[in-house]
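A closer look at the structure
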There are 2 protein chains.
Amino acid sequence: MYYLEDIHIGERSEIGRHTFTADEIKAFATQYDPQSFHMDEAAAARSHFGALCASGWHTAAVCMRFLVDYRKKVVAELRAQGKPVATWGPSPGFRDLKWLKPVYVGDTITYATEALETRRSQSRPGWGLVFSRNTGTNQHGELVYSFIGAVFVESRRT
Amino acid sequence: MYYLEDIHIGERSEIGRHTFTADEIKAFATQYDPQSFHMDEAAAARSHFGALCASGWHTAAVCMRFLVDYRKKVVAELRAQGKPVATWGPSPGFRDLKWLKPVYVGDTITYATEALETRRSQSRPGWGLVFSRNTGTNQHGELVYSFIGAVFVESRRT
């Protein structure tokens, strides 16, 4: 990936688009979030959601998948250009995760990431942290998901 | 579940215990977090983690599963006692999620939840919000995972 010093603050990148099906919503919920409005159409219709919708952790996991795939794509591009590749990860955690709207069956969520800030790590010499806003937006242009992620990133300076 | 007014602030409940296997760590990572240190023992040994470890989103999803199962257990107990049952959920999101230590193959994580604060909702009359600290602790007594969750909870007062 990019070195700490090469990260463009404020640059927004679309990282992927996913349409949620009833089958995968139920499969994720059955294993990790077995609430009736994530597993059963009739129960969901009677709930405050009004229809079957994805577990928020499912929305989040799909976002993580796109973030990883995006990083792999950038690494491949840097390698193809003969450029050096910095190591990224792990993440110490994140803040302000928001599930703003339900993700219903058939909704197509477009995920994006935008670097907000970088700083040098106090605890790990030669490393920094990048803070990014990661979002999901549905086909109506409504923001459904957002969190501020943090990831350790290799620095050019030691 | 409990009504807003019946929630005991500061009471900590163990909600479940899970031992992470290599197979399930790889299965989750393959689908949602395909980074080499979550999928391949040899690559993980060369990484900063030093050994295969679970995706943080996997640690989080298992916690959600125990939270849901715990709520179902409480609902069953209230019903068995002939007590009224309040509706809980959805969650508007959470804050301060921290992955404090890696979760390695064979680690047994004990999850717990503790209510920190309740407040009446301004936007939804008859409802409140409960904020809880949800944690995971490994078999060495080390905190590996923590976040402050928020959930809408029915109030006795309208």
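Look up: the structure comes first, before these words.
Cut-offs and rules
- Per chain, the residues get numbers from 1 upward, laid out in the order the sequence is written.
- Think of it this way: whatever chain is written first is A, whatever ligand is written first is 1, and the rest follow in order.
- Local features in a predicted model are, by the rule used here, given only for residues with pLDDT of at least 70; side-chain atom pairs are given and counted only at 80 or more, and totals for whole chains, interfaces and linings are based on all residues.
- Any pair of residues counts as being in contact when their C-beta atoms, constructed from backbone geometry, are within 7 Å of one another.
- Two strands qualify as a pair provided DSSP detects at least 2 bridges between them.
- Counting from the N terminus, the helices are the DSSP runs of H or I reaching at least four residues and the strands are the DSSP runs of E reaching at least two.
- Here the copies were fitted onto each other by least squares, based on C-alpha atoms from residues at pLDDT of at least 70 in both.
- Orientation is described by axes fitted as lines to C-alpha atoms, over the contacting stretch for helices, and by angles from 0 to 180 degrees between their N-to-C directions.
- The burial label depends on the number of other C-beta atoms within 10 Å of a residue's C-beta. Counts of 20 or more mean buried, 12 or fewer mean exposed, and intermediate counts mean partly exposed, with C-beta atoms placed from the backbone.

1. Quick word on the interface of chain B and chain A
Contacts between the two partners involve 22 residues from chain B, matched on the other side by 22 residues from chain A. With four bridges connecting them, strand S2 (residues 93-99) of chain A and strand S2 (residues 93-99) of chain B associate as antiparallel partners. Looking at the pairing, Leu97(A) lines up with Phe94(B) of S2(B).

2. Notes on the relation of the copies chain B and chain A
In screw terms, the move from chain B to chain A is a rotation of 180 degrees and a rise of 0.0 Å along the axis, fitting with an RMSD of 0.0 Å. Taken together, these values place the two copies in the relation of a two-fold axis. Closest approach to the rotation axis within chain B is made by the C-alpha atom of Arg95(B), at a distance of 2.5 Å. When the interface residues of chain B are mapped onto chain A, 95% of them are again interface residues, pointing to one common binding face.

3. Side note on the sheet that holds strand S5 (residues 143-154) of chain B
Taking strand neighbours across the sheet as the criterion, the 10 strands line up as S1(A)-S3(A)-S4(A)-S5(A)-S2(A)-S2(B)-S5(B)-S4(B)-S3(B)-S1(B) in an open arrangement whose pairing is antiparallel. In the strand order of this sheet, the two ends are held by strand S1 (12-19) of chain A together with strand S1 (12-19) of chain B, each with one partner. Each neighbouring strand pair of the sheet contributes to a mean axis angle of 20 degrees, computed without reference to strand direction. Sheet topology places strand S3 (residues 108-120) of chain B next to strand S4 (residues 127-137) of chain B; 10 bridges connect them, and they run antiparallel. Counted as the bridge partner of Thr110(B) is Thr137(B) from S4(B). Here helix H3 (residues 56-80) of chain B sits on the sheet and contacts S1, S2, S3, S4 and S5 of chain B; the angle it forms with S1(B), its principal contact strand, is near 130 degrees.

4. What about unusual backbone geometry?
All names here are of chain A. Unlike most non-glycine residues, aspartate 96 shows phi in positive territory, near 55 degrees. Topologically, aspartate 96 is positioned in strand S2. Classification of aspartate 96 by C-beta neighbours within 10 Å gives partly exposed; the count is 14.

5. Quick look at the pairing of S5(B)
All names here are of chain B. Strand direction decides the pairing type here: S2 and S5, joined by five bridges, are antiparallel. If you follow tryptophan 99 over to S5, its bridge partner there is tyrosine 145. One ladder, built from 11 bridges, connects S4 with S5; its direction is antiparallel. Looking at the pairing, threonine 137 lines up with leucine 143 of S5. Between S4 and S5, which pair antiparallel in sequence order, lie five residues; one of them, glycine 141, sits at a positive phi of approximately 80 degrees.

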